[in-house]
Amino acid sequence: MAQEVTKEKSMLLQKKMIGGLFDELAHVKESGKKVVYTFVPGNLSELIRAFDMLPVYPEINALQSGMKKRSGGFIKEAEKLGHSEDVCTYVKCDVGMFLNGNKGPADTQIPPPDLLLLSYTGCFTFMKWFETLDRIYPGVEVAMLHTPYQEDGKITPEMRAYMVKQLKEEVIPKMEKVSGKKFDEAKLKENLQHSADAEDYLVQIFESAKHKPSPIDGYFAGVYYIGPVNIGFRGTPEATEYYKQLLIEIKERIRLGKGPVTPEGEMKKERFRLVVEGPPNWTNFREFWKMFYDLGVVIVASSYTKVGGVFDLGFRHNPEKPLESLSDYCMTVYTNHNLPQRIDLLSKYIKEYQADGFLVNSIKSCNSFSAGQLMMMRTLEERLEVPVGFIESDLVDPRYFSFSNIKNRLDSFFQMLEQRKIILNQKTPVA
Amino acid sequence: MSKYYLGVDLGSTTSKAVIINEKDEIIGKGITNTRANYKVAADIARQEAVYDTRFTLLNQNLRVESGLPENIEDLLVSLDDAFHFLEFDIRLQKLYNEFLKVGKSAFDNKLSKLILAELPGLIDQIRPQIKEAYLHGGLARKSQFFRDVVNEQYTQAVDSLETEYFEKFMLVFDKSITPVENEMIEFDFKQLATDALNMLLEAGDYPELTAGSKLYQKVAKQIQIIADEKIDITNMVGTGYGRALLPFPESCIKSEILCHAFGAHAVFPNTRTVLDIGGQDTKAIQVDGYGLVTSFHMNDRCAAGCGRYLGYIADELNISLNELGPLAMEAEKQVNICSTCTVFAGAELRELLNVGEKRSDILAGLHRSIVMRAMSLIARSGGVHNEFTFTGGVARNQAVLKYVSAMIHESYGEDITINVHTDSIFMGALGGAMFARRNIDVDLPEKQKRSRAKAV
Amino acid sequence: MSDKTKNIDQILSFCKEAAFDLQFTEAAKCKAAEENRVLIGYMPIYFPRELVHAMNGLAVGIMGSGDRKQIVKGDAYYQSYICHMPRGLIEMALDGHFDEMDGFLFPSICDVIRNLSGMFQILGKGKFAKYLDYPQDFNRETGGVFYRNELKIIIDHITKINGVKLDKDRLNESIKLQNLNRRMLNEIYDIRQQFPWRLSAVELYHLQRAGIVIPVEQHNNMLHDVLDYIREDVGTPMDKIKVVVSGSFCEQPPIGLIRSIEQAGCYIVDDDFLIGSRWIEGQIDDQSDDPLTALANAYVDMSTFSSSVYDVNNHKGIRLAALAKKRKADGIIFAAPSFCDPALLDRPILQKDCEERDIRYISIKFSENTGQFKVIKEQVGAFSDSIKLWDEPVTV
């Protein structure tokens with residue numbers, strides 16, 4: 001991981017935060033803290049923290065298992081139990097991890113849930129995933145929070161009212177029941193203020209990539225940057241502190257004209273700027289990243305880093321309207337956007353971040369992202385005349401990562417970009 | 001001295017080399033199916049291309065000579081055929097040696113004796129037939145590889161033995177063929193070409209060609225001259241699936257997408273869409289007026305719709321890849337094929353045979369389903385608006401070509417021009433050679449600097 | 001041949017044609033018959049057709065192109081790991097099959113169908129393309145209210161097209177007709193449970209699928225006649241086991257698959273092929289002062305179970321087992337389309353529920369354009385034989 005090369009202060013902060021959380025999770029028996037399983041997109045971190053409970057994100061565990069090369073085995077075990085080879089590998093990885101004693105990415109024990117909080121936002125599979133967990137942990141409380149999809153590209157008052165009502169009548173009562181604590185609105189408001197502060201910083205961090213050369217990689221490094229807000233620290237002062245520190249470091253990089261930090265040190269020369277759509281592959285994350293930074297390719301913006309919230313479109317958690325803002329948060333995450341909205345967002349990225357090309361990493365597991373991607377790509381190509389590239393991989397199924405296949409396509413794509421650059425500069429025929 | 005440029009296209013099933021002159025004209029090409037390693041494959045293809053170049057030069061030189069008979073072109077073709085037979089014959093000798101080795105080591109004493117006793121006769125039986133096919137059947141121009149040529153004849157010959165050890169004899173072949181096929185043999189052009197000329201003399205197909213005749217002397221002399229000429233490769237570019245493994249400097253490696261498009265565009269300058277179906281990948285490429293790629297799409301991870309799929313089907317049916325297309329052309333109808341998935345296609349094929357569908361009809365359906373995959377890639381890349389060029393090894397398959405033409409016209413209009421070159425399989429190598437001639441720095445700037453430094 | 005038999009033959013052959021008519025000729029006829037009539041296409045699984053009926057429209061079920069259309073353009077829009085149905089739908093849209101349709105509804109089934117709604121929006125097909133977000137909350141005051149509002153949005157869309165406003169009495173009337181339709185369909189299933197040979201599963205499928213592309217009145221007449229016919233002792237029983245088929249609620253199984261299951265020794269006594277026609281399990285209040293709320297409440301209170309729904313307090317495994325028991329089925333065939341997220345992710349859960357209750361099952365996968373069924377026949381045949389001969393539980 002990026003942290004290993006230059007251990008900047010922010011990296012150490014993040015490491016400490018995440019280590020601390022897994023440590024706390026491993027010791028819930030002693031502390032008596034209750035555990036809430038939930039998902040990243042549309043996660044109610046502030047609310048969970050307001051009840052002093054601890055969050056577990058199964059998809060984070062799965063991606064970490066992928067990075068630690070354990071997912072392949074886990075998936076196979078789940079398939080032996082009858083899980084289809086056709087479906088989401090996050091789910092199968094999680095099932096496999098459970099079968100292997102539920103040891104998390106930090107090799108610490110992941111405790112069983114006291115509450116399954118299904119705020120399923122932008123992904124149907126989450127629902128099936130929790131139905132699976134519901135069977136693994138029979139009798140555990142399940143709170144359903146159905147987030148309406150922005151089918152018409154907007155949030156209506158009725159959608160918001162539906163969400164708030166579910167929060168009031170379903171989610172909060174179950175949290176009270178499980179935690180044994182009364183809902184403390186003041187505490188929630190306090191948490192929401194922390195979130196808003198962190199979100200301000202986060203937006204500045206990602207927007208720093210508009211600078212040339214970009215001081216950050218908004219995809220491969222971006223997935224580390226979203227770590228704290230996506231795994232339960234949104235709403236904590238630690239997260240705000242982390243992002244504040246990170247922004248200071250990035251501003252310094254801009255001042256020095258430095259490029260992004262990669263696992264093999266600093267990227268020297270920025271050759272191409274890309275916008276990427278779709279999640280990364282986790283099993284071969286480093287190899288994958290290397291195919292880009294080796295050739296001076298930096299990802300200036302990505303949709304995947306917005307699965308935990310598209311804060312750059314203006315949404316902030318608002319302590320003045322706690323439940324409404326939690327609702328709006330859930331409804332504004334990237335995968336809850338309809339396709340025209342997604343295209344608009346990517347189009348904005350391509351233009352504002354001055355990208356040379358647009359690349360889709362199509363993920364077998366994730367239809368929420370993948371279904372329609374080809375159309376999005378063509379629409380962007382036609383609308384902006386931007387060169388587009390397309391590769392395929394999976395989240396955590398190592399069988400679905402073909403190095404040569406991806407490398408072949410990427411090289412062709414980069415060479416095409418280079419040719420185009422030469423032509424655009426010369427405006428004269430080559431032949 | 002003339003300058004030559006080399007393009008090498010290392011595919012997953014075949015490797016191709018093309019040599020061009022300074023006018024972008026193809027003057028030599030070579031192809032091999034060896035799968036030894038990429039270096040050997042590149043060397044063999046390159047060597048073939050160099051021999052081919054010498055023949056082209058021979059042809060050019062003789063054409064300007066006066067006093068030669070009108071049918072000199074035919075004679076040169078025959079000379080080329082004979083040359084190829086002699087190349088073949090040397091490899092056949094090596095195969096025979098390998099047969100003997102395997103015959104001795106792979107069986108128990110009794111069986112070994114029995115097999116060894118038959119082997120000379122088998123070779124004696126197949127060699128004249130193959131020779132005839134080379135000299136009078138145009139075998140050299142039928143794009144068959146050593147393996148295919150021997151396999152067909154050898155199987156027949158063993159069959160005619162009516163031995164109970166059929167399988168054992170086939171085992172001898174299977175064990176011997178790969179090392180022989182993968183061996184890089186340095187032929188002596190002068191010797192072989194001269195032998196070829198004498199072979200023509202002996203055959204007597206050309207009455208003017210007699211010992212000591214002017215014709216004989218002129219050709220023999222040119223052979224000496226050409227054989228001594230140095231074919232100096234000024235620059236080269238490698239491309240194709242295995243390009244990263246080529247022992248070329250990085251600056252000489254280019255994406256096959258760019259090369260195929262550039263090659264196809266050079267041959268057909270009005271081309272705006274190129275479809276390339278290779279062994280491992282299918283590509284739909286859009287190019288601009290200069291032959292530069294504006295967008296491309298490759299098949300997804302699934303290998304359905306590539307040449308590999310056809311290879312798999314051929315294996316299932318136990319016939320050679322070259323027979324697939326012609327068999328499919330005999331179809332009276334097309335059986336609807338559902339699984340374009342390589343893994344399931346075998347099962348579906350067997351099931352269809354079981355329910356009594358004809359092989360040719362099933363094959364027609366299979367070919368059609370492959371083309372449908374390609375058509376959806378073309379649609380992904382933006383469709384066809386102008387001239388369309390079909391390249392890659394699979395373009396030589398008549399059935400595929402038939403469906404591609406039909407569907408392109410059906411989807412994009414009857415007036416779309418469809419180009420297929422007889423050398424469509426060489427388009428990637430041609431594009432590579434053309435890039436080599438231009439020394440266009442399509443690679444990344446850092447590498448450009450290095451390559452420039454080297455050029456100076 | 002008696003007149004009755006002749007009539008039934010005519011009905012069934014009409015249905016066979018209409019069910020797979022990718023040009024939607026019957027719907028187009030219906031539209032042409034009256035001014036301001038709209039056609040609203042809806043994808044699987046469920047949509048309250050009553051609503052469109054009450055607004056001078058016909059809700060037309062769009063169940064995919066099946067094995068009746070060559071897919072080229074559709075493949076350009078979808079990666080190989082996405083199910084087959086949306087390819088056919090895009091191909092049909094691009095080829096003008098839906099040109100008579102005024103709007104499209106995409107009930108929430110999965111992410112693929114959800115995103116398809118956006119693709120239709122981008123393609124500009126119809127005057128509206130709405131994703132219909134079915135509530136996963138089954139309380140009248142919460143999910144019910146939200147759902148009622150979703151229906152309101154559809155009403156507004158239609159009013160914008162044809163100027164028709166929703167009328168209470170007309171909606172009650174439409175509900176009544178659709179209630180009758182559901183009641184008769186359920187009665188057919190009830191009769192088939194006991195006497196499955198009286199109407200084959202394929203015939204029932206055609207009958208049912210035709211029903212979603214023609215006006216409910218016309219379909220009710222047919223159901224009436226078919227019921228009248230199969231209430232009598234017709235056909236010849238055969239020695240077959242009884243099965244429930246589960247998992248084919250969205251992308252439809254090819255007719256060949258349904259036929260193969262019955263040929264291989266099984267009577268299909270219940271299924272979820274066209275589950276939308278029987279989604280509401282009971283009669284919707286057709287006398288209400290607020291029929292729209294009645295529709296919404298029916299969804300909240302009377303929905304059947306499905307892989308697209310997670311009704312937290314009402315486990316579908318238990319409900320599936322109860323259905324098998326009610327139908328006196330010998331086993332369950334899980335038949336899911338390849339790459340169908342909801343069905344395939346549910347499968348291990350439902351299988352476990354079966355195992356815990358000693359319900360025998362087998363699992364197969366298909367795609368709407370599957371053409372060969374030999375393997376499936378063998379599997380189903382072995383399943384049937386094992387139950388008939390040895391009565392031993394098998395799992396495949």
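Only a predicted model underlies this, so the values are computations on that prediction, with no experimental measurement involved.

All right, on to helix 8 (residues 157–179) of chain A then. Residue and element names in this part refer to chain A. Given a rise of 1.5 Å per residue, 23 residues ought to cover 33 Å, and the 31 Å separating the end C-alpha atoms of helix 8 matches this to within 8%. A bend of about 40° at Leu167 is the largest found in helix 8. Just past helix 8, the residue Gly180 takes up positive phi, approximately 75°.

So, about helix 7 (residues 124–136) of chain A. Residues and elements named next belong to chain A. An ideal rise of 1.5 Å per residue puts 18 Å on 13 residues; helix 7 measures up with 19 Å between its terminal C-alpha atoms. Across the 13 residues of helix 7, 12 count as buried, placing the element largely inside the fold. When we look at burial in helix 7, the residues that qualify are Phe124, Thr125, Phe126, Met127, Lys128, Trp129, Phe130, Glu131, Thr132, Leu133, Asp134 and Arg135.

Moving on: the domain arrangement of chain B. By a frequent convention, interface size equals the accessible area lost on bringing the separate parts together. When the domains of chain B are assigned, the result is domain 1 (82–181) and domain 2 (269–420). For domain 1 of chain B and domain 2 of chain B, the distance between their C-alpha centres works out to 33 Å.

With that out of the way, let us pick up the interface of chain C and chain A. The interface is formed by 53 residues belonging to chain C together with 55 residues belonging to chain A. Between chain C and chain A the total buried area reaches about 4,700 Å² when both faces are included, carbon and sulfur atoms providing 59% of it. When residues of chain C are sorted by the area they lose upon contact with chain A, Tyr81, Tyr310 and Leu345 of chain C head the list and together hold 17% of the total. Taken together, the links from chain C to chain A amount to seven salt bridges. In this structure, the salt-bridge partner of Glu85 of chain A is Lys365 of chain C, at a minimum N-O distance of 3.7 Å. Put simply, chain C and chain A have 29 residue pairs in polar contact (both at pLDDT 80 or more) between them. For the side of chain C that touches chain A, the secondary-structure elements that each account for two or more residues are helix 4 (73–77), helix 6 (111–123), strand 4 (128–132), helix 7 (140–162) and helix 14 (341–356) of chain C. Take the side of chain C that touches chain A: its biggest share by element is 10 residues, from helix 14 of chain C. Looking at side-chain class alone, the side of chain C that touches chain A contains 26 nonpolar, 14 polar and 13 charged residues.

Looking now at empty space enclosed by the protein. Residues and elements named next belong to chain C. Throughout the structure, instances matching the rule amount to 17 cavities of 30 Å³ or more. Estimated volume of the second largest cavity: approximately 180 Å³. The wall of the second largest cavity is formed by 22 residues, among which Tyr42, Arg49, Ile212, Gly276 and Ser277 lie closest to the centre. Residue assignment for the lining of the second largest cavity shows that the elements contributing at least two residues are helix 3 (49–53) and helix 8 (168–194). Top element by residues in the lining of the second largest cavity is helix 8. It accounts for three residues.

Attention shifts here to the confidence of the model for chain A. Confidence in the prediction for chain A averages 94 pLDDT; 97% of positions are at 70 or higher. Every residue in residues 1–5 of chain A scores below 50 in pLDDT, and together they form 12 contacts with partners more than four places removed in sequence or on other chains.

Turning to the sheet that holds strand 3 (residues 103–107) of chain C, a few remarks are in order. Residue and element names in this part refer to chain C. Taken together, four strands build an open sheet; the order of strands is 2-1-3-4 and the sheet is parallel. This sheet does not close on itself; its edge strands, each paired only once, are strand 2 (57–61) and strand 4. Ignoring strand direction, the axes of neighbouring strands in this sheet form an average angle of 20°. The sheet contact formed by strand 1 (residues 38–42) and strand 3 spans three bridges and is parallel. The residue bridging Gly41 from the neighbouring strand is Phe104, located in strand 3.

A few words on the pairing of strand 2 of chain C. Residues and elements named next belong to chain C. Most of strand 2 is tucked away, with five of its five residues classed as buried. Where burial is concerned, the two faces of strand 2 agree: the one with Gly57, Ala59 and Gly61 and the one with Leu58 and Val60 are both buried. Two elements, strand 1 and strand 2, share five bridges in a ladder whose sense is parallel. Bridging across to strand 2, Tyr42 finds its partner in Gly61.

This next bit is on the side chain of Glu26 of chain C. Residue and element names in this part refer to chain C. On the secondary structure map, Glu26 appears in helix 2 (residues 25–33). A relative accessible area of 18% places Glu26 in the buried class. Non-local contacts of Glu26, meaning those with residues more than four positions away in its chain, are made with Phe14, Ala18, Asp21, Val213, Ile214 and Gln218.

Rules used throughout
Residues numbered from 1 in each chain as written. Chains lettered and ligands numbered in written order. Predicted model: local features only at pLDDT ≥ 70, side-chain atom pairs only at ≥ 80, totals over all residues. Heavy atoms only, no water. Helix = DSSP H or I, 4+ residues; strand = E, 2+ residues; numbered from the N terminus. Expected span 1.5 Å × (residues − 1). Bend = angle between axes of the 7 residues up to and from the residue. Buried < 20%, exposed > 50% of the residue type's maximum accessible area, 1.4 Å probe, protein only. Domains from an automatic or database assignment. Contact = heavy atoms within 4.5 Å. Buried area = accessible area lost by both parts, 1.4 Å probe. Salt bridge = Lys/Arg side-chain N within 4 Å of Asp/Glu carboxyl O. Polar contact = N/O pair within 3.5 Å; in protein donor to acceptor, adjacent residues only side chain to side chain. Nonpolar A, V, L, I, M, F, W, Y, C, P; charged D, E, K, R; others polar. 1 Å grid on protein atoms, 1.4 Å probe; cavity = no way out; pocket = protein on both sides within 12 Å on 5 of 7 lines; lining within 4 Å. Points joined across faces, edges and corners; volume = space filled by probe spheres on them. pLDDT = per-residue confidence, 0-100. Pairing = 2+ DSSP bridges. Axes fitted to C-alpha atoms, helices over the stretch in contact; angles between N-to-C directions.

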